[in-house]
Amino acid sequence: MSKGIRTRKGATISLNGEAEKIIKEYTSSSSVAIQPDDFFAMTPKLLVKEGTVVEKGAPIFFDKNKPEIQFVSPVAGKLTQVLRGAKRKILALVLTPEGDKAVKHKTAQWEKLNREEAIRLLLDSGNWPFLGQRPYGVVANPKADPKALFISTFASAPLEVDFDFLLKNNKEEFQRGINFLSKLVPEIFLSAEASFGGFFENIENATYVPVKGQHPAGNLSVQIHQLAPLNMGETVWTIRPEDVVNIGVFLETGEFSAQRTVAVAGSAVGAPQYIKTTIGTQLSELLDQAEVDQNLANRYINGDVLSGTATTENGYLGYFNNLVTVIPEGNEYRIFGWLPFLDNHIPSLSKTSLAWLFGKKKFDVNTNLNGEERALVVTGEMERVFPMDIFPMQLIKACMTGDIEKMEALGIYEVVPEDFGLVDYANTSKIEAQEIIKDALTLMIKEVG
């Protein structure tokens with residue numbers, strides 16, 4: 001067990017609409033999609049054409065820059081549509097589930113595999129994309145030699161899921177997945193909230209790390225920064241908790257597992273709840289299950305309100321998402337909204353607001369920015385919510401100017417866009433810090449690699 005992590009900077013944003021802790025099964029879906037944009041800096045190359053019938057676990061595209069990394073179908077069915085955007089960019093591969101045929105792999109003797117054989121099994125079976133890599137937050141490079149693997153079960157963002165509850169019926173599969181992953185790396189760090197570690201405290205072949213603090217304490221970047229900070233040329237791997245379970249299920253059955261348990265939450269949700277479904281499920285069906293009125297003007301978010309991705313009610317569940325948030329659109333404005341004593345029933349980190357008078361009250365929010373983009377000035381707001389030993393404002397400025405040397409010196413290798421979600425929220429300049437960091441990481445991959 002590690003000595004643990006405690007952060008003193010950050011903020012807790014309490015919102016209405018937390019999912020009720022009851023898991024409902026929803027296995028049937030009329031449409032499923034894989035969206036290549038869920039994999040940062042990955043260029044897809046199709047292996048099948050529209051109309052092709054595929055088995056569950058059959059490869060449907062691969063990474064053009066790393067052809068050994070294949071992405072497989074989460075269901076058995078027909079590839080009915082390839083959605084494209086500008087310059088014929090592939091936005092989504094839409095499948096219609098049909099039957100239950102699946103590609104089978106030999107996994108009975110997985111305990112005897114060496115590291116190279118274990119990596120090859122994950123690559124061949126389509127499980128490899130579950131593994132991420134820092135720096136950059138890309139799909140892990142199978143040729144890399146990481147110094148550790150990080151798994152965070154502490155989701156600290158607003159309305160985030162409780163992984164101990166979510167995976168309560170998958171303890172055996174989780175341990176099996178950990179045992180297999182321990183073949184790939186010298187050490188696995190498994191973190192959980194310090195006040196309640198749940199069954200994760202007793203997992204073998206992993207170093208348990210209790211984490212205490214406000215958001216973004218649960219972010220992997222914060223934990224990597226504390227336990228295995230990255231120097232130039234070093235890498236660590238990451239994986240989501242439920243994807244450890246998916247690997248554990250695969251080892252038992254020999255079939256690709258696309259299990260995804262999702263919390264549909266937010267103030268616009270009539271019955272916030274956990275739903276057990278499949279990676280890439282169409283959101284409209286989950287929203288119906290959670291009693292969301294899709295005729296209202298709502299914002300549908302794959303992820304949390306701070307760092308999620310906007311989608312539509314007819315969109316699809318993100319590949320790595322355990323949370324779908326629904327809140328009202330911010331198309332109504334408060335008259336004299338700048339006055340600190342008038343209609344301040346919104347959360348705010350600013351002392352000029354009266355939100356702090358409401359203590360631990362939970363708030364309803366919408367997407368209104370409550371202001372427009374303005375000059376970036378030194379206020380200390382970013383630093384108060386950024387718990388890493390990095391100067392966030394200076395890093396953002398270096399990213400805006402594309403100064404690679406300064407970006408490296410200021411810690412670009414240790415961050416990903418989601419680490420700046422709270423910065424976006426707290427910063428009165430209203431700049432899109434996450435977009436700036438994303439563009440900077442794209443530049444780093446192109447120029448530095």
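Keep in mind that what you see is a predicted model, and the values were worked out from it rather than measured.

Undergrad: Before we move on, could you go through the domain arrangement of the chain and cite the residues and values that matter?
TA: As far as domains go, the chain holds domain 1 (5-253) and domain 2 (369-447). A separation of 26 Å is found between the C-alpha centroids of domain 1 and domain 2. Residue-level contacts link 21 residues of domain 1 with 21 residues of domain 2. It is Phe 40, Tyr 136 and His 225 that lose the most area in domain 1 upon contact with domain 2, and together they represent 33% of the buried surface on that side. Counting across the interface, domain 1 meets domain 2 through zero salt bridges. With three residues, the single largest contributor to the side of domain 1 that touches domain 2 is helix α4 (residues 220-227). Along the lines of polarity and charge, the residues of the side of domain 1 that touches domain 2 split into 12 nonpolar, seven polar and two charged.

Undergrad: So what's going on with the nonpolar core? Which residues, and what values?
TA: One recurring pattern in soluble globular proteins is that nonpolar side chains are buried together. Ranked by size, the top nonpolar core spans 102 residues in total, and within it Trp 128, Leu 131, Phe 174 and Ile 412 carry the most contacts. Two domains each donate at least three residues to this core, and these are domain 1 (5-253) and domain 2 (369-447). Apart from the residues lying within four places of it in its own chain, the contact partners of Ile 412 are Leu 395, Cys 399, Met 407, Ala 440, Leu 441 and Met 444. The next biggest cluster of nonpolar side chains, apart from the first, holds 15 residues, and it includes Val 262, Val 269, Tyr 300 and Val 324.

Undergrad: An account of the packing of aromatic side chains is requested, with residue identities and associated values reported.
TA: The full count for this structure, using the stated rule, is 16 aromatic pairs. Ring centres of Tyr 319 and Phe 320 lie 5.1 Å apart, and the angle between their planes is 70 degrees; this geometry places the pair in the edge-to-face category. What makes Tyr 319 buried here is its relative accessible area of 4%. The class of Phe 320 is partly exposed, set by a relative accessible area of 21%. Counting every residue linked through ring pairs, the aromatic cluster contains Phe 39, Phe 61, Phe 71, Phe 130, Phe 256, Tyr 319 and Phe 320.

Undergrad: An account of the packing of helix α3 (residues 171-181) against helix α5 (residues 241-253) is requested, with residue identities and associated values reported.
TA: Look at α3 against α5: their axes get within 7 Å of each other, and the N-to-C directions meet at 85 degrees. Accordingly, the angle class assigned to the pair α3 and α5 is roughly perpendicular. Contacts from Glu 173, Phe 174, Arg 176, Gly 177, Ile 178, Phe 180 and Leu 181 in α3 reach Pro 241, Val 244, Val 245, Ile 247, Gly 248, Val 249, Leu 251 and Glu 252 in α5. Considering only residue class, the contact of α3 with α5 consists of 10 nonpolar, two polar and three charged.

Undergrad: Requested: an account of the sheet that holds strand β8 (residues 77-84), with residues and values cited.
TA: On the basis of which strands lie adjacent, the open sheet formed by four strands has the order β3-β9-β8-β5 and antiparallel pairing. With partners counted over all chains shown, the strands left at the sheet margins are β3 (32-34) and β5 (53-54), one partner each. Bridge count for β3 against strand β9 (residues 90-97) is three bridges, and the pairing is antiparallel. Paired with Ile 34 across the bridge in β9 is Leu 93.

Each value, and the rule that gives it
- Residues numbered from 1 in each chain as written.
- Predicted model: local features only at pLDDT ≥ 70, side-chain atom pairs only at ≥ 80, totals over all residues.
- Heavy atoms only, no water.
- Domains from an automatic or database assignment.
- Contact = heavy atoms within 4.5 Å.
- Buried area = accessible area lost by both parts, 1.4 Å probe.
- Salt bridge = Lys/Arg side-chain N within 4 Å of Asp/Glu carboxyl O.
- Helix = DSSP H or I, 4+ residues; strand = E, 2+ residues; numbered from the N terminus.
- Nonpolar A, V, L, I, M, F, W, Y, C, P; charged D, E, K, R; others polar.
- Core = buried A, V, L, I, M, F, W, Y, C linked by side-chain atoms within 4.5 Å.
- Buried < 20%, exposed > 50% of the residue type's maximum accessible area, 1.4 Å probe, protein only.
- Phe/Tyr/Trp six-rings, centres within 6.5 Å; stacked < 30°, edge-to-face > 60°.
- Axes fitted to C-alpha atoms, helices over the stretch in contact; angles between N-to-C directions.
- Parallel < 35°, antiparallel > 145°, perpendicular 65-115°, else oblique.
- Pairing = 2+ DSSP bridges.

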